[in-house]
Structures are given as structure tokens and as C-alpha cells.
Amino acid sequence: MQDFDLVDAVARSLHLSTPHELEQLGAVLFPAMVNTSVVSGDIIKLDMLKSYGANLSAVNYDLRTALHIACAEGNEEVVKHLLLNGAAVHIRDRYEKSPLSEAIQHDHHEIIKLLLKCGGHVSGSTRSLGEGMCGAAARGLTKRLESYRLAGVDLSLQDASGRTALHLAALHGHLNAVDYLLGHDVEYLHDMLGLTPLDYARKANNNSLVIISK
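Residues numbered from 1 in each chain as written. Predicted model: local features only at pLDDT ≥ 70, side-chain atom pairs only at ≥ 80, totals over all residues. Heavy atoms only, no water.

Things to note about the environment of R139
With respect to the element layout, R139 can be found in the loop between α8 (126-138) and α9 (142-150). Exposure remark for R139: the relative accessible area of 54% places this residue in the exposed category. C-alpha separation for the pair R139 and L168, spaced 29 residues apart in sequence, amounts to 8.7 Å. Ignoring sequence-local partners within four residues, the contact set of R139 consists of R144 and H174. (Helix = DSSP H or I, 4+ residues; strand = E, 2+ residues; numbered from the N terminus. Buried < 20%, exposed > 50% of the residue type's maximum accessible area, 1.4 Å probe, protein only. Contact = heavy atoms within 4.5 Å.)

So this is what it looks like as C-alpha cells:
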């Protein structure tokens, strides 16, 4: 109840009294309280806030919802609770990220599956998705590549130079990423210069990867 005493204290200090003024104050304070409860994993407090009129799909100053925060934090139980209470899965924040984007970027695989069951889908252009996967492959992040795959993204998407994740994995010598990609039947494509992943492996002297074949 201390949180609600705080709302009342702020209202009195600002001399707010009309229903409209109090509603505006709640619109500012409630999202912050909800997000704090999400970070701490306090489901009981989330229910209490909702009972006092908090909108669990309300956005903060970055246009992020409680579901964005929960997906980034990776608390599956909080995500389930928000979804069961009608949290919107399609809202994008100031940076065009959806809750599903957050789950992908933090490799929370079970949450990705939950969001897809509730109608979530990947946003962004195929070019930007290709660049994201190329970046993951360049760092050998096979778990990130799996995140994209679980979300329904084609692992063969190309970046602005026509390179795929397989090109970058071969270039940087990440054998695990190469094995992962080949194990999921990615297309064996040429980039804008006509180079294949095998060409990249050879040029980088990654002899252990020259076994790549179509």
C-alpha cells in the first residue's frame, strides 16, 4: 500500500483533485510501478496494481510495455501472467522493438515460443533481419541464431552485401555456427561479389572450415 500512499502524496503535493488530473498522474506513475514489479518478478503486486486501475499494456517514456521488460528479463512466469491478463504482443517501442524482438535479442527461447502462440510475429525488414543474423554469426552466437530460427526467421536471409550468416561464420572461423547453419539446411548463396561461404573460409585461411560443401 505504500506505493498507493505515494500516488496520493504526489497528488496532494501537486494539488491535483479532479478525476482527470488523477487519471493523468496514474498514467505517469503506474507504468513505472508495473515495470518495477516485472523486474522484481512480483506477480502479486502486478495484480494489485491492476486492481487499482493500472493498465498492464501501458507504455513508458520509451514506449516500452511491461511485456517488453519481462521478455528482456527472461522471467517466463511473469510473461505468462501478463499474456493471460491481456498484455498486447504487437506494441513497438521507440526503437521499433516488439516484445518478441526483446526475447530474440536475449535468447529466451521458451518466451519466444509463448509469444508466437499468442500471435506474436517478427517485425523488421528482411534486410535488417539478415544483418542481425550475420552479426550473430560473426560472433559465433549459435544460441542467437537458434532464437531467430524459433521465431520463424529464414536463416538464409542476406545482408546489404548479399552475405548470409553462413558467410560470416565461415569468415570468422566459427565451426559451431557453421555446423549449426548447415544442420538447418541454409541456402548456399553467393554474395554481391559472387563469393560463397567456402570462398570466405579459404580467403580467411580457415582450413578447418574448407570442408564446407553445398
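Details of the layout of surface pockets
The space that makes up the largest pocket amounts to roughly 270 Å³. For the largest pocket, the lining is made up of 15 residues, of which K97, S101, Q105, S123 and L129 are closest to its centre. Mapped onto the lining of the largest pocket, the elements with two or more residues apiece are α6 (99-105) and α8. For the lining of the largest pocket, the element with the most residues is α6, which contributes four residues. The residue inventory of the lining of the largest pocket, partitioned by class, reads six nonpolar, six polar and three charged. (1 Å grid on protein atoms, 1.4 Å probe; cavity = no way out; pocket = protein on both sides within 12 Å on 5 of 7 lines; lining within 4 Å. Points joined across faces, edges and corners; volume = space filled by probe spheres on them. Nonpolar A, V, L, I, M, F, W, Y, C, P; charged D, E, K, R; others polar.)

Points about helix α11 (residues 175-183)
Two residues of an α-helix separated by three or four positions point the same way, owing to the 3.6 residues in each turn. Those residues of α11 that fall on the buried side of the exposure criterion are A177, V178, Y180 and L181. One side of α11 carries all its buried residues, which in axial view fall inside an arc of 165°. Across α11 from its buried face, at more than 90 degrees, point the exposed residues N176 and G183. D185 lies just past α11 and shows a positive phi near 55°. (Arc of directions from axis to C-beta.)

Digging into the packing of α9 against α11
When two helices pack together, their arrangement is given by the angle between the helix axes and the distance between those axes. Axis separation between α9 and α11 bottoms out at 9 Å; the angle between their running directions is 25°. Judged by the inter-axis angle, α9 sits roughly parallel to α11. Contact residues: α9 offers T142, L145, E146 and R149, while α11 offers N176, A177, Y180 and L181. Across the contact of α9 with α11, the residue classes tally to four nonpolar, two polar and two charged. (Axes fitted to C-alpha atoms, helices over the stretch in contact; angles between N-to-C directions. Parallel < 35°, antiparallel > 145°, perpendicular 65-115°, else oblique.)

Quick notes on the side chain of H167
Secondary-structure assignment places H167 in helix α10 (residues 165-171). With relative accessibility at 0%, the residue H167 sits in the buried group. With residues near it in sequence (within four places) discarded, H167 still touches G162, L189, H190, D191, L195, T196, P197 and Y200.

Section: the environment of L189
Looking at the secondary structure, you find L189 in the loop between α11 and α12 (197-203). Between the C-alpha atoms of L189 and L157, which are 32 residues apart in sequence, the distance is 9.7 Å.

Things to note about helix α3 (residues 43-51)
Put simply, D42 is the residue that caps the front of α3, since its side-chain oxygen is 3.4 Å from the backbone nitrogen of I44. Just downstream of α3 lies G53, where phi reads positive at about 105°. (Polar contact = N/O pair within 3.5 Å; in protein donor to acceptor, adjacent residues only side chain to side chain.)

Quick notes on the packing of α8 against α9
Contact geometry for α8 and α9: axes closest at 8 Å, N-to-C directions at 155°. In terms of their interaxial angle, α8 and α9 are classed as roughly antiparallel. With respect to the hand of their crossing, α8 and α9 are arranged in left-handed fashion. Here L129, G132, M133, A136 and A137 of α8 come into contact with α9, specifically with R144, L145 and Y148. Its residues assigned to classes, the contact of α8 with α9 comprises six nonpolar, one polar and one charged. (Left-handed = near helix turned anticlockwise from the far one by under 90°.)

Considering unusual backbone geometry
With a phi angle near 65°, E96 is a residue other than glycine that sits in the positive phi range. Counting through the fold element by element, E96 comes out in the loop between α5 (76-84) and α6. In this structure, D107 is a non-glycine residue whose phi angle is positive, near 55°. Examined against the element boundaries, D107 turns out to sit in the loop between α6 and α7 (109-117). With a relative accessible area of 15%, D107 lands in the buried category.

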